[in-house]
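If you want the building blocks of each chain, they are given just below.
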Amino acid sequence: MASGPPPPPKEHGIFPGTYEELHKAAREVMPVPFEGIKVMSNAASTSHFQASHTLTLTATQPSAYRFGATYVGEQQGSEPSDMFPVMVSEMDTSGSLNAQVIHQVTDRLRGRFILQTEQTSWENVQLDATYTGRDFSASAVAANPDPFAKQSTIVGQFLQGFTPSLAVGTELLYSKTAQGEKARLSLATLFRRPRWQMAASLNQSSLQATYHLRHNDNVQLGAELTASLSESMKHSGVMVGYRLDVPVANVTFRGMMDTNWTVASVFEKRLVPYPFTFSLSAMLSHEQNAARVGVGLTIG
């Protein structure tokens with residue numbers, strides 16, 4: 001669904017956000033290309049309930065239809081626009097389901113439940129909770145939390161803000177699979193200014209670093225570096241993208257290029273005053289000598 005121009009930048013307080021959102025600003029700049037024909041319809045029956053229908057037609061994969069439903073409660077969160085609980089679900093014609101429930105338990109504690117099924121089998125169950133203080137955030141995540149199961153994952157995250165510009169954090173991940181058990185410790189840092197920010201996270205097997213710049217209210221730039229440090233598979237890649245908003249034309253354009261010689265872009269045009277958004281998507285991989293083109297229409 002298309003969205004309007006982002007709000008103008010503002011000075012940050014000392015609160016650093018959450019560990020999960022370290023690289024969010026840069027990644028949201030990048031386009032999400034699609035292939036074929038995509039039609040989405042959103043209809044709100046009440047102020048709390050919305051239903052969606054998504055039809056996708058492609059030549060490379062079977063056509064798909066998904067039905068989605070969203071419910072938003074009446075409890076106001078820390079921001080005037082935040083209302084809880086939020087329940088979101090989506091199901092396709094095979095019966096596979098993606099659903100999540102988010103609730104603001106207290107002013108500082110938020111919980112989330114995620115369920116994913118593949119037809120009749122349960123693929124993933126996740127429980128997480130996030131506590132936010134004045135200058136820190138702490139999160140705990142349990143994926144498939146069954147002590148007798150062959151596979152489960154537990155994650156703990158902490159991010160501490162020392163100044164309005166600097167934050168440092170850590171993540172501890174423990175996973176159990178059929179091949180055995182392992183633990184991984186990651187370290188992260190975030191440095192931000194009113195119009196730009198840099199974030200990096202490092203562990204024994206990988207490095208991720210992002211940069212986000214809001215040049216003005218209508219232009220944003222993002223870059224991401226990903227490097228694998230494991231002995232069996234050492235590789236690295238860089239992705240650079242931008243977002244351009246043209247409010248007078250109701251247009252949003254995203255583009256990106258990476259070191260695998262892949263170029264992608266998504267063009268969105270809101271057909272004001274009608275509740276339609278027209279989308280064009282294109283991706284070209286020079287390395288694989290392949291191209292993908294998509295046309296989309298969002299109603300509502």
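Positions within a chain are numbered from 1, following the residues in the order the chain's sequence is written. The predicted origin of the model limits local features to residues at a pLDDT of at least 70 and limits the giving and counting of side-chain atom pairs to 80 or more, whereas totals for whole chains, interfaces and linings rest on all residues. Calculated side-chain values reflect all of the structure's heavy atoms, with hydrogen atoms and water omitted.

**What to know about the overall build of the protein**
Condition: In this text, helices come from DSSP runs of H or I with a minimum length of four residues, and strands from runs of E with a minimum of two, each type numbered from the N-terminal end. For a compact globule the rule gives 2.2 Å times the number of residues to the power 0.38, and the radius of gyration it is set against comes from C-alpha atoms. The cut-offs for exposure are 20% and 50% of the maximum accessible area for each residue type, with area from a 1.4 Å probe on protein chains only; residues under the lower value are buried, those over the upper are exposed, and the others partly exposed. A contact between two residues is defined here by any heavy atoms of the two lying within 4.5 Å. To measure how exposed things are, a 1.4 Å probe is used in the Shrake-Rupley method; for residues, cover is taken only from the protein chains shown. When charges are tallied, Lys and Arg are placed among the positive residues and Asp and Glu among the negative ones, while His and the ends of the chain are skipped. Think of each charge as sitting on NZ of Lys, CZ of Arg, CG of Asp or CD of Glu.
Along the protein, the regular secondary structure elements total one helix and 19 strands. Expected size for 300 residues packed as a compact globule is a radius of gyration near 19 Å; at 21 Å, the protein falls within 12% of this value. Dimensions of the protein, computed from the C-alpha atoms along their principal axes, are close to 50 × 45 × 45 Å. When burial is assessed residue by residue, the protein has 32% of its 300 residues classed as buried. Of the contacts formed within the protein by residues at least 6 apart in sequence, a portion of 32% connects residues at least 24 apart. Counting only carbon and sulfur atoms, one obtains 61% of the accessible surface of the protein, whose full area is about 17700 Å². When the 23 basic and 25 acidic side-chain charges of the protein are each reduced to a single mean position, those positions are 4 Å apart.

**Let's talk about the pairing of strand 16 (residues 251–258)**
Inclusion rule: If DSSP finds at least two bridges between two strands, the strands pair.
Counting buried positions along strand 16 yields six of eight residues, so the element is predominantly enclosed. Of the pairings in the sheet, the one linking strand 15 (residues 235–246) to strand 16 comprises eight bridges and is antiparallel in character. Residue pairing for strand 16: Leu-244 is matched across the bridge by Phe-253. Hairpin geometry of strand 15 and strand 16 is characterised by an intervening segment of four residues between the two adjacent antiparallel strands and by a positive phi of about 55° at Asn-250. Pairing between strand 16 and strand 17 (residues 262–270): seven bridges, direction antiparallel. Counted as the bridge partner of Met-256 is Ala-264 from strand 17. Taking the residues between adjacent antiparallel strands as the criterion, strand 16 and strand 17 are bridged by three residues, where Trp-261 takes a positive phi near 60°.

**What about the side chain of Ser-165?**
Heads up, the rule is: Each polar contact in these results corresponds to two N or O atoms within 3.5 Å; when the atoms are within protein, one needs to be able to donate a hydrogen and the other to accept it, and residues that are neighboring in sequence are counted only if both atoms are side-chain atoms.
Topologically, Ser-165 is positioned in the loop between strand 9 (152–161) and strand 10 (166–177). Take Ser-165: its relative accessible area is 13%, and that puts it in the buried class. For Ser-165, the side chain forms a polar contact with the side chain of Arg-193, separated by 2.9 Å. When sequence neighbours within four positions are dropped, the list of residues in contact with Ser-165 reads Leu-190, Phe-191, Arg-192 and Arg-193.

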